[in-house]
Amino acid sequence: MSDTRPRLWQIDISHFSEKARWALDHKGIDHNRRSPLPGVHIAVALWLTRGASKTFPVLELEGRTIGDSTAVIAALEERFPDHPLYPEDPEQQRRALELEDFFDEELGPYARLAVFHDLIGEPELFAEIAVQSVPAPMGRAKGLVGAYARGYTSLRFGADNDEAAARARAKIVAAMDRLDAELEANGGEFLIGDRFSVADLTAASLFFPVVAPENAPVPADQPTPAAFEEFREGLRHRPGYAWVEETFRRHRKPARPVAAAASL
Ligand SMILES: N[C@@H](CCC(=O)N[C@@H](CS)C(=O)NCC(=O)O)C(=O)O
């Protein structure tokens, strides 16, 4: 019999995929997951969405194929209204969606670029991490897999560019400024109102590569490039940093931690 459950096409280590996984798990939706090789996933996304989207996550849901994490959550919210992620109040909902968009655009791509840049600076470590996200037989060719990871992230995201990485770090700090300010304005626990919403889910999941909270897709003891660890140290005292850790602890249940992998 064919599997009619929603199917999430995803990358284990990706923070945008984590955003979609968290929404599915928050709503308790039984689903299955497919994780093609990072890089190859672009062709898969284009094929699944008939050219509409070249990124993961993509969700197959009752005959529809939905690309982009924001559209995925909107579709889940409509089809599975229990455990809502959108605030009921229209003005709060508007602000929650505005914050979702802010973190999607102003944090997500930059968190990815900053981590990849510093991994490129430590080829051994990058190779070590990259082999964990490829099929076992390929994993034996660690040098090649590491070169593939460096090449893909440089070509696709410009992760080998020092100026781009400096801009990315500045964007991450600006996103942390916004997180701190929004939390302070709303009492410190939630970004909007007095309930967990899509705004909290988005900020926490897209900050996970920066904060590496427990219960996130990457094991907390995963080695980090020294340059990124130094950058992380500069943010550790921020209220938003502790909030990301706490939000994972309190709201990311049940997490499905996966082995570390190469692609964010
Ligand atoms: N706006 C998209 C961004 C998703 C995204 O950037 N996904 C990455 C993985 S973290 C990807 O598939 N990148 C492939 C590419 O950009 O070519 C969303 O919210 O889903």
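Residues numbered from 1 in each chain as written. Predicted model: local features only at pLDDT ≥ 70, side-chain atom pairs only at ≥ 80, totals over all residues.

Visitor: Help me out: how do you make sense of the sheet that holds strand β4 (residues 64-67) in this one?
Guide: Backbone-to-backbone hydrogen bonds pair the strands of a sheet. The strands run either parallel or antiparallel. Pairing within the open sheet is mixed, and its 4 strands lie in the order β2-β1-β3-β4. Edge positions in the open sheet fall to β2 (32-34) and β4, since each of these has one partner strand only. Averaged over all neighbouring strand pairs, the angle between strand axes comes to 20°, with direction disregarded. Across 3 bridges, the pairing between strand β1 (residues 7-9) and β2 is parallel. Note on β2: the bridge partner recorded for L8 is R33. (Pairing = 2+ DSSP bridges. Helix = DSSP H or I, 4+ residues; strand = E, 2+ residues; numbered from the N terminus. Axes fitted to C-alpha atoms, helices over the stretch in contact; angles between N-to-C directions.)

Visitor: What is the right way to read the site of the ligand from this model?
Guide: Inspection of the region around the ligand gives 16 residues, with S14, F16, T55, D68 and S69 positioned closest. Those elements giving two or more residues to the shell around the ligand turn out to be α2 (41-48) and α3 (69-79). A breakdown of the residues in the shell around the ligand according to their chemical character gives 6 nonpolar, 5 polar and 5 charged. If you count residues domain by domain, the shell around the ligand takes at least three from each of domain 1 (7-79) and domain 2 (90-251). (Near = placed C-beta within 6 Å. Nonpolar A, V, L, I, M, F, W, Y, C, P; charged D, E, K, R; others polar. Domains from an automatic or database assignment.)

Visitor: What's the story with the environment of S14 in this structure? I'm lost.
Guide: Among the secondary structure elements, S14 is positioned in the loop between β1 and α1 (15-26). In sequence terms S14 and P217 are 203 residues apart; their C-alpha atoms lie 8.3 Å from each other.

Visitor: Can you help me understand the packing of helix α10 (residues 198-211) against helix α12 (residues 239-251) in this one?
Guide: For any two helices packed against each other, one specifies the inter-axial angle together with the distance between the axes. Between α10 and α12, the shortest axis-to-axis distance is 9 Å and the interhelical angle comes to 110°. Between α10 and α12, the interaxial angle falls into the category roughly perpendicular. For the pair α10 and α12, the crossing hand works out as left-handed. Seen from α10, the contacting residues are D200, A204, F207 and V211; seen from α12, they are Y241, V244, E245, T247 and F248. Among the residues forming the contact of α10 with α12, the class breakdown is 6 nonpolar, 1 polar and 2 charged. (Parallel < 35°, antiparallel > 145°, perpendicular 65-115°, else oblique. Left-handed = near helix turned anticlockwise from the far one by under 90°. Contact = placed C-beta atoms within 7 Å.)

Visitor: Could you clarify how one ought to interpret unusual backbone geometry in this entry?
Guide: Excluding glycine, residues mostly carry a negative phi; peptide bonds, for their part, are mostly trans. Here F56 and P57 are connected by a cis peptide whose omega angle stands at 10°. Secondary-structure assignment places P57 in the loop between α2 and β3 (58-61). For E62, which is not a glycine, the phi torsion comes out positive at approximately 45°. Residue placement: E62 occurs in the loop between β3 and β4.

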